[in-house]
Structure formats: C-alpha cells, structure tokens
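Fold and contact review
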Amino acid sequence: MASFFWSIEPATTQKFARELVGTSLFAFYFGTRYTYKEQLRLLGFTFGLVGFFCLIYGFGVRNYGVMSGIHGGAWRGIYRHKNAMATQVVLATAVFWVLAHSDIKKRWVAWLGFFLSVFLVFQTKSGGGRVGFLTVMMMVPILQGLRFRYGMVMYFLIVTVLSGGVAGTLFVDNLDAFFEALDKSPDLSGRVPLWKLMFPLMAQKPWLGYGFKSFWISWRGPSAVVWRNLTWRPLYGHNGFIDLTAELGFLGLGIFLIGFILTIKRGVSWIHYTRTAESLWPMMFITILILNNISETRLLVGNTMPWLLYVSTSLWPPVEYADVGRKTEPSPLPQGNQQEEPAQSNR
C-alpha cells in the first residue's frame, strides 16, 4: 500500500493493493479460525472439486479445457492457462499426500485425490509442474529426517548433499535431454531474454521500484521497452522474486524475505518437535511456492490460492508451536507435592 506514494501508476497500484489486502484478510481469518487439520480437510475438499471439474473439462469440454496453438494438447481445465492449472494441482498433490498419511477415517479418498492430481499434473504438460511435483515428493524423506537427533541429522544432510551432487552432475551432462523432456528450450521458453531486458530497467529504480503492479502496464510503463525487444508480449516477469523487486525494489524484497525466512524457520521447528504428517505441510508448501516463482509469478498476487496459503501458513504456527515447545519440557510438580529433597549424609 505504501508504494502508492511513489508508484508511476497510482490508480493501478491502489486497485491491486485492495485485492491483495482483501485476500490477506481472508487468509488471516482462515489461518486463525480453523485448526490445522480443519484447514487441510477444507483444502482437500476444495482441491477435490478442482480436480473433478478439470477432469470433466479435459475430457468433455475439450474446446475450452484443452489448449491449442503453441501449447496444443496441454490441459488447462477450468483455468485460463495450463501453468495456472499446474500450480493448483501440484498444491493438490501435497494436500492429498498429507491427508492420506494423517488420521482421517477414509484415507482411500485422499489417495484417490492424490493420484487424480498426479494425472492432472502430467496432463498440463507443464515442465515446472512436473519438476515441482517430483521435487516435493523427494523432499518428503528429507523433511522427515529433521525429526532425527542432531547427530543423525548431520549424517542425513551429508547423504542428501552427496545425492544432490550426483544429481547435479547428471543434470549438467544431460542438459539438452533434460530440457527436451520438459518441452522447454535452454532459455526457459524465452524467459532468460525477458529477464535480461528487465534488469537494466530495474536498475533505474533499485530501492523502491516502480510501485506495486506498476511495472507491467502495457505500453504506458517500462513494460513497453520489454515488448519492443521481444517477439512476444509477456504480461508479467515470469519470476516472482524478480517481479517483486521491479515493483517494490530491494527494500520491498528484503522485507518480504525476512518474513519468508521466519516462516521457513517455524516450519522446520514444527517438523522437529512433532511427528504428525500434518507438520510436513508448511515446508512442502514453501517448496512448491519457491519452485512456482522461478518461472511464474505467484508472490503478492491477490485473489490467488498461493498467496492465501502463504499468509495462512505464516500465521498459524506461532501459538501451536509454542504449545509444542512447552510439551517437550518436564512439567512441574503440583505445589502441594513439592518437597525439599533431604540432604545426603556422608556417614
């Protein structure tokens, strides 16, 4: 909201700021009104409906549910673009995985939702969606390893780093095959040239940026420079962190990262002190959010599920985490039963 005062397009900033504030207020209600298990069950119901209607549109309403042209054959379901659908169904896989490993009565329903969501991820033909799903599933045992004793954690991290090194080596040696499997070009479908054009423009307003949602304003703003030098007309920067910096500068990015790091710290602590499947959800979601914002923009976007879940996830841990922390300490004896231990005699 404060960027209204230096925005190059105050009316646009005000409009999108209202949407963001409204979404954040609902997220605050969602994160404080419902218990953690209730939140996941509500999300499971929501994503179940999303998956059902995307399936109906993919098979039965193909003139809308399946894209044509450059993305021909890729499902978009009830959304406007395949990447939007991929974002939702990857989130759905994480929600249903957690529910399937929790103490709900009908776990088979959660497993059905999980496999339906996996099917939809691959139907979108989104490289980012497939990488996001596979990464989150590989992250699960790593996150579970945080529950070990600290000595075991160190060994676990060593194995993880070594495995990552092997995977990185294989990635470098098979770079072309990797991008071909994801239906991408090595410049990430034109994103790298886009970012190269954005950086000099961002350098003109490095600290405060151009104002919230005031960078991509068609031919009226700095986006016009980008459009003149590309063969396509992007509507956003296809990277959440770059877009955030362009709009709010390094100051805005720094403030956001402080909150982001605190949310990660709480999520890791929650995993360490509990042994429930639900405790994995915050870090699974953060993993998806980071990956989503490498090639898309999902940060500070009102009326969207990723921002709603980020705000609610960053809100719920403090009280419950404090309770968990207290449970790990020995409870004091009732006052009436507290007696001074007799001194030991040396005789």
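What this report covers is the structure whose coordinates are included nearby. Since the structure is predicted, the reported quantities are computational estimates derived from the model, not experimental observations.

What counts as what
Residues numbered from 1 in each chain as written. Predicted model: local features only at pLDDT ≥ 70, side-chain atom pairs only at ≥ 80, totals over all residues. Heavy atoms only, no water. Helix = DSSP H or I, 4+ residues; strand = E, 2+ residues; numbered from the N terminus. Buried < 20%, exposed > 50% of the residue type's maximum accessible area, 1.4 Å probe, protein only. Contact = heavy atoms within 4.5 Å. Axes fitted to C-alpha atoms, helices over the stretch in contact; angles between N-to-C directions. Parallel < 35°, antiparallel > 145°, perpendicular 65-115°, else oblique. Left-handed = near helix turned anticlockwise from the far one by under 90°. Nonpolar A, V, L, I, M, F, W, Y, C, P; charged D, E, K, R; others polar. Salt bridge = Lys/Arg side-chain N within 4 Å of Asp/Glu carboxyl O. Patch = residues over 30% accessible without salt bridge, like charges linked within 9 Å, V, L, I, M, F, W, Y side chains within 5 Å. Areas by Shrake-Rupley, 256 points an atom, 1.4 Å probe, with all protein chains shown as cover.

As for the overall build of the protein chain
Across its full length, the protein chain holds 14 helices and zero strands. Overall, the protein chain shows an N-to-C arrangement of helices and strands of α-α-α-α-α-α-α-α-α-α-α-α-α-α. When burial is assessed residue by residue, the protein chain has 44% of its 347 residues classed as buried. Relative to all contacts within the protein chain whose residues are 6 or more apart in sequence, the contacts with residues 24 or more apart total 68%.

Some words on the packing of helix α4 (residues 82-100) against helix α12 (residues 281-295)
Contact geometry of α4 with α12 gives a least axis separation of 10 Å together with a crossing angle of 165°. In this view, α4 runs roughly antiparallel relative to α12, as classed from their interaxial angle. Handedness of the crossing formed by α4 with α12: right-handed. Where α4 approaches α12, its residues T87, V90, L91, A94, V95, W97 and V98 are matched on the opposing element by W281, M284, F285, I288 and N292. For the contact of α4 with α12, a count of residues per class yields 10 nonpolar, two polar and no charged.

Overview of the environment of G31
Mapped onto the elements of the fold, G31 is located in helix α1 (residues 10-33). Overall, the relative accessible area of 7% leaves G31 in the buried class. Separated by 279 residues in the primary sequence, G31 and Y310 have C-alpha atoms spaced 9.9 Å apart.

A few points about the pattern of salt bridges
Considering all chains together, one arrives at four salt bridges under this definition. Across the salt bridge formed by R220 and E9, the nearest N and O atoms sit 3.2 Å from each other. With a gap of 211 residues between them, R220 in the loop between α9 (191-204) and α10 (223-228) and E9 in the segment before α1 connect regions that are remote in the sequence. Overall, R220 belongs to the exposed group, its relative accessible area being 57%.

Side note on the packing of helix α11 (residues 240-273) against helix α13 (residues 305-315)
In contact at an axis separation of 10 Å, α11 and α13 are set at 60° when each is read in the N-to-C sense. Like other packed secondary-structure pairs, α11 and α13 cross with a definite hand, here left-handed. On α13, the residues that touch F256, G259, F260, T263 and R266 of α11 are W307, Y310 and S314.

Topic: a nonpolar patch on the surface
On the surface, a nonpolar cluster with roughly 900 Å² of combined accessible area is contributed by F4, F5, W6, W207, L208, F250, L251 and I255. Note that F250 resides in helix α11.

Focus on unusual backbone geometry
Positive phi, normally seen in glycine, also occurs at L300, with a value near 55°. Looking at the secondary structure, you find L300 in the loop between α12 and α13. Even without glycine at this site, N303 takes up a positive phi of about 60°. Topologically, N303 is positioned in the loop between α12 and α13.

Purely geometric stuff here, so don't read any function into it on its own.
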